[in-house]
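Coordinate inspection notes
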Amino acid sequence: MSKINVKNISKRFGSTQALDNVSIEFGENKIYGLLGNNGAGKSTLLKIITSRIFADSGELTLDGMNMVDNDKALGQMYMLSEDNYYPESMKVNEAFMRAEMFYPNFDSDVALELAGRFNLPMKKKITALSTGYTTIFKIVMAFASNAPFLLLDEPVLGLDAQHRDIFYKLVIERYAASPCTMVISTHLIAEVAGIIEHCMIIKDGRIIKDAPAEELLQNGYTISGPTALLDEYLVGKEVLSSSNLGGLKTAAIGGRMPNTDELPAGIEVGKMNLQEYFIQLMNGGEVQ
Amino acid sequence: MNTLRLKPAMRYQLNYMFWASLIAFAIAIAVLVLLTLLVGVTSYTDSVEIVNELLTDGDSIVVDDVRVIIDIGSIQMDFEATPGVFFNIAGVFAMMLFIIGIGGVREDLRFFLQHGLSRKTTLISSIIVSLAIGITYTLIIELVYLAFSSFNFFPSSGIRPSMSGFFRRLPAQALMYFFAWQFGSFISLLYYRMNKAAKIIFSITAGAIILLAVPRIFAIPGIIGTIISLALSFDIASAFAAGTTANVLGTTLLLLALSAVCIIGNFLLIRRAPIKEFS
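Worth saying up front: this structure is predicted, and the values here are computed from it rather than measured.

Quick look at the overall build of chain A now. Regarding its fold elements, chain A presents ten helices and 14 strands. For chain A, the spread of C-alpha atoms along the three principal axes comes to 65 × 45 × 35 Å. Out of the 288 residues in chain A, the part that is buried amounts to 51%. Excluding contacts between residues fewer than 6 apart, the proportion of contacts in chain A whose partners are at least 24 apart in sequence is 67%. Counting every atom, chain A has about 12,400 Å² of accessible surface; 48% of that belongs to carbon and sulfur.

Below is the structure:
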């Protein structure tokens with residue numbers, strides 16, 4: 001079973017501690033969500049895993065093999081990032097052609113099919129593409145590469161709603177057709193919440209949560225109802241956040257979700273979503 | 001254990017070089033054919049008027065038995081028939097490989113890493129490919145020399161004394177191209193690894209050296225020229241270069257040593273190089 005092991009990785013840029021003793025593991029055939037605010041250290045971590053930059057300390061292994069600047073390990077990954085590492089003169093169709101040299105399982109048919117689905121202009125230079133189409137080009141490359149590990153750093157950057165929808169469907173289709181490990185690093189949590197199996201939440205360079213998404217969300221719930229009624233119910237409860245709209249109040253509560261028959265009439269209960277959970281964590285609240 | 005994936009890296013670099021070389025050689029051969037035609041015209045006609053008709057306004061041409069001079073504004077090309085001194089095809093290609101070394105190394109480094117190849121692979125692939133290119137260019141350029149040798153377009157001095165010692169001078173010529181590429185890569189990587197302050201200092205220093213060297217190169221007389229000459233020790237460098245290039249073996253050894261220095265430098269610069277985006 002292939003797995004990437006990140007052990008005690010630290011990285012400092014000048015006076016900024018970008019990563020602080022990070023230890024995580026990416027197992028085989030799972031969709032991971034690497035979630036964090038801007039500047040939390042998500043991209044730095046992925047860049048270190050793919051040897052684009054080096055860690056100050058720590059260990060990186062793929063099935064026990066040292067990954068740092070190692071062809072064998074790097075060849076099993078494709079990283080989609082905001083940065084452009086393609087030559088200025090290279091066209092989209094040329095990049096697909098070249099990719100076959102580097103990724104033995106690169107599927108040109110898939111690349112062409114996806115390019116068509118996104119209306120990606122094939123004869124344009126990569127550097128001349130708009131931000132959205134540059135992202136689309138990289139998405140196509142990533143999925144056509146058939147690499148066992150896809151590291152997708154902000155994969156919907158610059159995409160419009162329609163293309164974002166295509167992307168999320170693609171993730172599911174690709175995973176169903178040929179499972180692989182995907183690490184989706186993003187700050188758009190609400191959008192990825194439905195597709196990620198395992199959450200890693202990073203804050204100020206430290207991993208503060210590393211658990212299956214389902215498990216995390218079992219530790220809280222949301223409740224809504226008329227303000228007066230809800231205020232009465234909330235006494236003694238661990239209120240993580242609340243909001244009022246007209247006479248209706250909604251609150252996020254820590255703890256296990258109650259049965260509906262335990263609730264007063266007029267109050268509705270629902271699962272806490274990942275975004276609400278994330279916001280609580282970022283605000284310093286700890287959902288037990 | 002790091003298993004190098006050299007095959008895709010070399011394939012990519014050779015593919016790029018194939019097209020770049022094809023264009024460059026096509027241009028070089030076109031120039032030579034054009035010159036051949038020009039010399040042919042001037043050799044077989046004793047009339048300046050006929051040749052002048054071929055030129056556009058502002059150009060002039062002087063024809064005698066052995067010499068053609070074309071004066072286009074401030075650029076003067078001296079087509080001297082015996083011995084030929086005007087078209088140093090080997091120098092042109094060495095310069096081209098130097099520029100490829102400068103531009104290619106950073107581009108390849110980024111592109112290869114995006115496609116799962118390590119820095120070590122990038123470096124080793126570039127060494128093998130530049131060596132292969134050096135040998136190939138040497139052979140092709142020798143053929144070009146041979147094909148056009150009767151027209152005496154080429155320099156007869158330097159590391160190309162005659163066609164007879166071809167195999168003896170092959171390593172020196174191939175190493176010249178190899179060194180040009182590796183030296184270009186070295187300069188490029190050195191600049192790439194510098195921080196902003198170092199880049200500014202480097203750029204100013206390099207600019208200053210060029211500005212200081214220009215007066216020396218054009219031998220401006222006077223105290224300034226003497227001071228610069230002494231300060232930069234051009235005479236010492238010239239004497240050293242003359243000593244080592246007087247024979248082919250010396251040239252080969254010098255180029256080998258310089259190439260080795262560049263390779264070591266490139267290794268040290270590339271091994272921990274962070275990958276920066278194209279700007």
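For the rest of this paragraph, the subject is the overall build of chain B. Broken down by element type, chain B carries nine helices and three strands. Each helix and strand of chain B, placed in order from N terminus to C terminus, yields the pattern α-α-β-β-β-α-α-α-α-α-α-α. In chain B, of all internal contacts separated by at least 6 residues, the share reaching a separation of at least 24 is 72%. When the accessible area of chain B is evaluated, it comes to approximately 15,200 Å², of which 73% is carbon and sulfur surface.

Here the focus is the interface of chain B and chain A. Between chain B and chain A, the contact holds 31 residues from the first and 28 residues from the second. Approximately 2,600 Å² of surface area, both sides summed, lies buried where chain B meets chain A, with 54% of it carried by carbon and sulfur atoms. A salt bridge links arginine 119 of chain B to aspartate 69 of chain A; its shortest N-O distance comes to 2.9 Å. With six residues, helix H3 (residues 89-114) of chain B is the largest single contributor of residues to the side of chain B that touches chain A. Split by residue class, the side of chain B that touches chain A holds 13 nonpolar, eight polar and ten charged.

All right, on to the sheet that holds strand S1 (residues 4-13) of chain A then. Residues and elements named next belong to chain A. Strand order in this open sheet of four strands is S2-S1-S4-S5, and the pairing throughout is antiparallel. The open sheet has two edge strands, strand S2 (16-26) and strand S5 (65-66), and neither has a second partner. Sheet topology places strand S4 (residues 57-62) next to S5; two bridges connect them, and they run antiparallel. Within S5, the position partnered with leucine 62 by the bridge is methionine 65.

Further remarks concern empty space enclosed by the protein. One pass over the full model with this rule turns up one cavity of 30 Å³ or more. In this structure, the largest cavity occupies an estimated 50 Å³ of space. In terms of lining residues, the largest cavity is bounded by Thr50, Arg52, Leu74, Met77, Tyr78, Met79 and Tyr103 of chain A together with Leu113, Gln114 and Gly116 of chain B. Residue composition of the lining of the largest cavity, by class: six nonpolar, three polar and one charged.

Scanning all chains against the criterion turns up 22 aromatic pairs over all chains. Summarising the aromatic geometry, the rings of phenylalanine 167 of chain A and tyrosine 168 of chain A are spaced 5.3 Å apart at their centres and angled 65 degrees between planes, so their arrangement reads as edge-to-face. Comparing phenylalanine 167 of chain A with tyrosine 168 of chain A, the two get one shared label, buried. Judged by centre distance (5.7 Å) and plane angle (25 degrees), the rings of phenylalanine 98 of chain B and phenylalanine 183 of chain B are stacked.

The subject of this paragraph is the pattern of salt bridges. All names here are of chain A. With the rule as written, the count across this model stands at twelve salt bridges over all chains. Salt-bridge contacts for aspartate 165 lead to lysine 169; the nearest nitrogen and oxygen are separated by 3.0 Å. With aspartate 165 and lysine 169 both in helix H6 (residues 161-177) and four residues apart, the pair spans about one turn of that helix. Here aspartate 165 falls in the partly exposed class, since its relative accessible area comes to 39%. Note on lysine 169: relative accessible area 46%, which makes it partly exposed. When salt bridges with common partners are traced through the structure, they connect Glu113, Arg117 and Glu173 into a single cluster.

The subject of this paragraph is a nonpolar patch on the surface. Residues and elements named next belong to chain B. Among the surface-exposed residues, Phe18, Trp19 and Leu22 lie close enough to one another that they form a single nonpolar patch of about 340 Å² accessible area. Note that phenylalanine 18 resides in helix H1 (residues 6-44). When its relative accessible area of 47% is taken as the criterion, phenylalanine 18 is described as partly exposed.

So, on to the sheet that holds strand S3 (residues 31-35) of chain A. Residues and elements named next belong to chain A. Read from one edge of the open sheet, six strands run S6-S7-S8-S3-S9-S10, paired in mixed fashion. For this open sheet the edge positions go to strand S6 (77-80) and strand S10 (206-212), each flanked by a neighbour on one side alone. Along the sheet, successive strands turn relative to each other by an average axial angle of 15 degrees, direction set aside. Strands in contact with helix H10 (residues 274-282) are S3, strand S9 (198-203) and S10; relative to S9, the strand with the most contacts, it is inclined by about 30 degrees.

What follows is about the nonpolar core. One broad rule of soluble globular proteins: the nonpolar side chains tend to lie buried together. Ranked by internal contacts, the top residues of the largest apolar core, which has 69 residues, are Ile4, Val6 and Ile49 of chain A together with Phe93, Leu97, Tyr137 and Tyr177 of chain B. The element best represented in this core is H3 of chain B, accounting for ten residues. Counting 65 residues, the second largest nonpolar core, distinct from the first, contains Phe167, Ala211 and Ala252 of chain A together with Ala9 of chain B.

Residue and element names in this part refer to chain B. A cluster of like positive charges, contributed by Arg193, Arg271, Arg272 and Lys276, occupies part of the molecular surface. Summarising the element assignment, lysine 276 is placed in the segment after helix H9 (248-270). With a relative accessible area of 33%, lysine 276 lands in the partly exposed category.

Attention now goes to the packing of H3 of chain B against helix H5 (residues 166-193) of chain B. Each pair of packed helices can be summarised by the angle the axes make with each other and by the distance between the axes. Residues and elements named next belong to chain B. Contact geometry for H3 and H5: axes closest at 7 Å, N-to-C directions at 40 degrees. Compared by their axis directions, H3 and H5 come out oblique. For the crossing formed where H3 meets H5, the hand is right-handed. Of H5, the residues touching H3 (which contributes Ala90, Phe93, Ala94, Leu97, Phe98, Ile100, Gly101, Ile102, Val105, Arg106, Leu109 and Arg110) are Met176, Tyr177, Ala180, Trp181, Phe183, Gly184, Ser185, Ile187, Ser188, Leu189, Tyr191 and Tyr192. By residue class, the composition of the contact of H3 with H5 is 18 nonpolar, four polar and two charged.

What follows is about the pairing of S6 of chain A. All names here are of chain A. Of the two faces of S6, the one lined by Met77 and Met79 and the one lined by Tyr78 and Leu80 are each fully buried. Where S6 and strand S7 (residues 149-153) come together, four bridges link them in parallel fashion. In the strand pairing of S7, methionine 77 is matched with phenylalanine 149.

Among all positions of H10 of chain A, only Leu274, Tyr277, Phe278, Gln280, Leu281 and Met282 of chain A are buried. Sitting at the amino-terminal end of H10 of chain A is asparagine 273 of chain A, which places a side-chain oxygen 3.1 Å from the backbone nitrogen of glutamine 275 of chain A.

Taken as a whole, this structure holds zero disulfides over all chains when the rule is applied. Free cysteine: cysteine 199 of chain A, not disulfide-bonded; nearest cysteine sulfur from cysteine 180 of chain A at 18 Å.

Definitions and limits used
- Residues numbered from 1 in each chain as written.
- Chains lettered and ligands numbered in written order.
- Predicted model: local features only at pLDDT ≥ 70, side-chain atom pairs only at ≥ 80, totals over all residues.
- Heavy atoms only, no water.
- Helix = DSSP H or I, 4+ residues; strand = E, 2+ residues; numbered from the N terminus.
- Buried < 20%, exposed > 50% of the residue type's maximum accessible area, 1.4 Å probe, protein only.
- Contact = heavy atoms within 4.5 Å.
- Areas by Shrake-Rupley, 256 points an atom, 1.4 Å probe, with all protein chains shown as cover.
- Buried area = accessible area lost by both parts, 1.4 Å probe.
- Salt bridge = Lys/Arg side-chain N within 4 Å of Asp/Glu carboxyl O.
- Nonpolar A, V, L, I, M, F, W, Y, C, P; charged D, E, K, R; others polar.
- Pairing = 2+ DSSP bridges.
- 1 Å grid on protein atoms, 1.4 Å probe; cavity = no way out; pocket = protein on both sides within 12 Å on 5 of 7 lines; lining within 4 Å.
- Points joined across faces, edges and corners; volume = space filled by probe spheres on them.
- Phe/Tyr/Trp six-rings, centres within 6.5 Å; stacked < 30°, edge-to-face > 60°.
- Patch = residues over 30% accessible without salt bridge, like charges linked within 9 Å, V, L, I, M, F, W, Y side chains within 5 Å.
- Axes fitted to C-alpha atoms, helices over the stretch in contact; angles between N-to-C directions.
- Core = buried A, V, L, I, M, F, W, Y, C linked by side-chain atoms within 4.5 Å.
- Lys, Arg positive; Asp, Glu negative; His and termini not counted.
- Charge placed at Lys NZ, Arg CZ, Asp CG, Glu CD.
- Parallel < 35°, antiparallel > 145°, perpendicular 65-115°, else oblique.
- Left-handed = near helix turned anticlockwise from the far one by under 90°.
- Polar contact = N/O pair within 3.5 Å; in protein donor to acceptor, adjacent residues only side chain to side chain.
- Disulfide = S-S within 2.5 Å.

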